[in-house]
Amino acid sequence: MRRSSIALLVAAVIGCSPPSPSPSASVSAAPAEPGRAPAPGATTPPAGTSAAESPAPAAAPQAATDTAGGSKVSLDDPRIQKIRARYQDIQARKDMTRSELRFECAGGEGRGELRLYKADGAIQKAEIAAADAGHGESTYQFYYHQGQLVFALHDDGSWAFDGTRGTPDKPATTSSVTQRRYYVHEGEPVLCIKKHAKGPTEKLGPLLEQAPNGPDDCSRAKETQQIASAALAGAKPKTRDELKRLLCN
């Protein structure tokens, strides 16, 4: 995913304009359409892919390791079904208001944007798109219930020029992305799933859709939960500082 495609990544995953270089927060009280994020078990559209072009939900694995005790947790588990139902409820809402916060890392080493979706006096959903000063980009999507994270999706991607394709006027790039999904019950990840894809940037969407799902060891779940907790604090200067601490390396 090219550095120049940050705007497309933000638009595809969050449904917004490119983040401003200004680190100041801005808040919008206008009703917001829920972002077209994939359901738990689906994939996010990569940079350069519109929501309408995003791949269909991928087949989910039958089981993955439960960090609580090494047992197997399937997507048919009642806890997972409850989380999926909560996700669908949030996605179906049309009454959420949206607030935004943008931040820049020290020395121009990266930037990001947080979008929060609020209804019934509480944040229901949060989305983050962040890019470093090199070729790395990440997106996060968080879903909450009564102030607690229940589902998180994290796409961690990078890109590089591909000298075997393209022309000097239109250089080609190769992208790679690892997608992780976390199902959280009572503050603990009960199911973690990941998939990986690499190939021409313009074909990354179908490649990710076709990539097999597999169990993840949940080793990054705690870090993801910390980012989700920071986002839950709202579009405030304090939140910006905490996101910079967690996301600026």
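Residues numbered from 1 in each chain as written. Predicted model: local features only at pLDDT ≥ 70, side-chain atom pairs only at ≥ 80, totals over all residues. Heavy atoms only, no water.

Caption draft 1: Broad picture of the state of the cysteines. Taken as a whole and assessed by the stated rule, the structure comprises two disulfides. Linked covalently through their sulfurs, Cys105 and Cys248 form a disulfide whose S-S length is 2.0 Å. Looking down the S-S bond of the Cys105 and Cys248 bridge, the torsion is -75 degrees, so its handedness is left-handed. Of the two residues, Cys105 is situated in the loop between β4 (97-104) and β5 (110-119) and Cys248 in the segment after α5 (237-247); the sequence distance between them amounts to 143 residues. Grouping residues by exposure puts Cys105 and Cys248 together as buried. In this model Cys192 forms its disulfide with Cys218; the gap between the sulfur atoms is 1.9 Å. (Disulfide = S-S within 2.5 Å. Helix = DSSP H or I, 4+ residues; strand = E, 2+ residues; numbered from the N terminus. Buried < 20%, exposed > 50% of the residue type's maximum accessible area, 1.4 Å probe, protein only.)

Caption draft 2: Examining the layout of surface pockets more closely. Of the pockets and cavities examined, the largest pocket occupies roughly 380 Å³. Lining the largest pocket are 21 residues, with Ser138, Tyr140, Asp156, Leu247 and Asn249 positioned closest to its centre. Only β5, β6 (122-132), β7 (136-145), β8 (148-166), α4 (221-232) and α5 provide two or more residues apiece to the lining of the largest pocket. It is β7 that provides the largest number of residues to the lining of the largest pocket, a total of four residues. The residue inventory of the lining of the largest pocket, partitioned by class, reads seven nonpolar, seven polar and seven charged. Of the voids in this model, the second largest pocket is the one considered here, and its volume is about 290 Å³. (1 Å grid on protein atoms, 1.4 Å probe; cavity = no way out; pocket = protein on both sides within 12 Å on 5 of 7 lines; lining within 4 Å. Points joined across faces, edges and corners; volume = space filled by probe spheres on them. Nonpolar A, V, L, I, M, F, W, Y, C, P; charged D, E, K, R; others polar.)

Caption draft 3: Geometry of the pairing of β4. One ladder, built from eight bridges, connects β4 with β5; its direction is antiparallel. Paired with Leu101 across the bridge in β5 is Leu114. Hairpin connection of β4 to β5: five residues between the antiparallel strands, including Gly107 at a positive phi of 70 degrees. (Pairing = 2+ DSSP bridges.)

Caption draft 4: Quick look at the pairing of strand β9 (residues 171-185). Of all 15 residues that make up β9, 13 are buried, and the element is covered over most of its length. Strand direction decides the pairing type here: β8 and β9, joined by 13 bridges, are antiparallel. By the bridge assignment, Trp159 is partnered in β9 with Ser175. Linkage of β8 to β9, two consecutive antiparallel strands, is achieved through a turn of four residues. Sheet topology places β9 next to strand β10 (residues 188-200); twelve bridges connect them, and they run antiparallel.

Caption draft 5: Quick look at the nonpolar core. Leu114, Ile128, Phe142, Tyr144, Ile227 and Leu243 are the most contacted members of the largest nonpolar core, which totals 27 residues. Looking at this core, the elements with two or more residues in it are β4, β5, β6, β7, β8, β9, α4 and α5. At five residues, α4 tops the list of elements feeding residues into this core. Residues within four places of Leu114 in sequence aside, it is in contact with Ser99, Glu100, Leu101, Ala126, Glu127, Ile128, Ala231, Thr239 and Leu243. Counting 17 residues, the second-largest nonpolar core is a separate cluster that includes Leu75, Tyr143, Val150 and Val190. (Core = buried A, V, L, I, M, F, W, Y, C linked by side-chain atoms within 4.5 Å. Contact = heavy atoms within 4.5 Å.)

Caption draft 6: The arrangement of the packing of α4 against α5 in detail. Relative orientation of the contacting elements α4 and α5 amounts to 165 degrees, with a least axis distance of 9 Å. One way to sum up the angle between α4 and α5 is to call them roughly antiparallel. Seen along the crossing, α4 lies across α5 with a hand that is left-handed. Together, Gln226, Ile227, Ala230 and Ala231 of α4 and Thr239, Glu242, Leu243, Leu246 and Leu247 of α5 make up the contact between the two elements. (Axes fitted to C-alpha atoms, helices over the stretch in contact; angles between N-to-C directions. Parallel < 35°, antiparallel > 145°, perpendicular 65-115°, else oblique. Left-handed = near helix turned anticlockwise from the far one by under 90°.)

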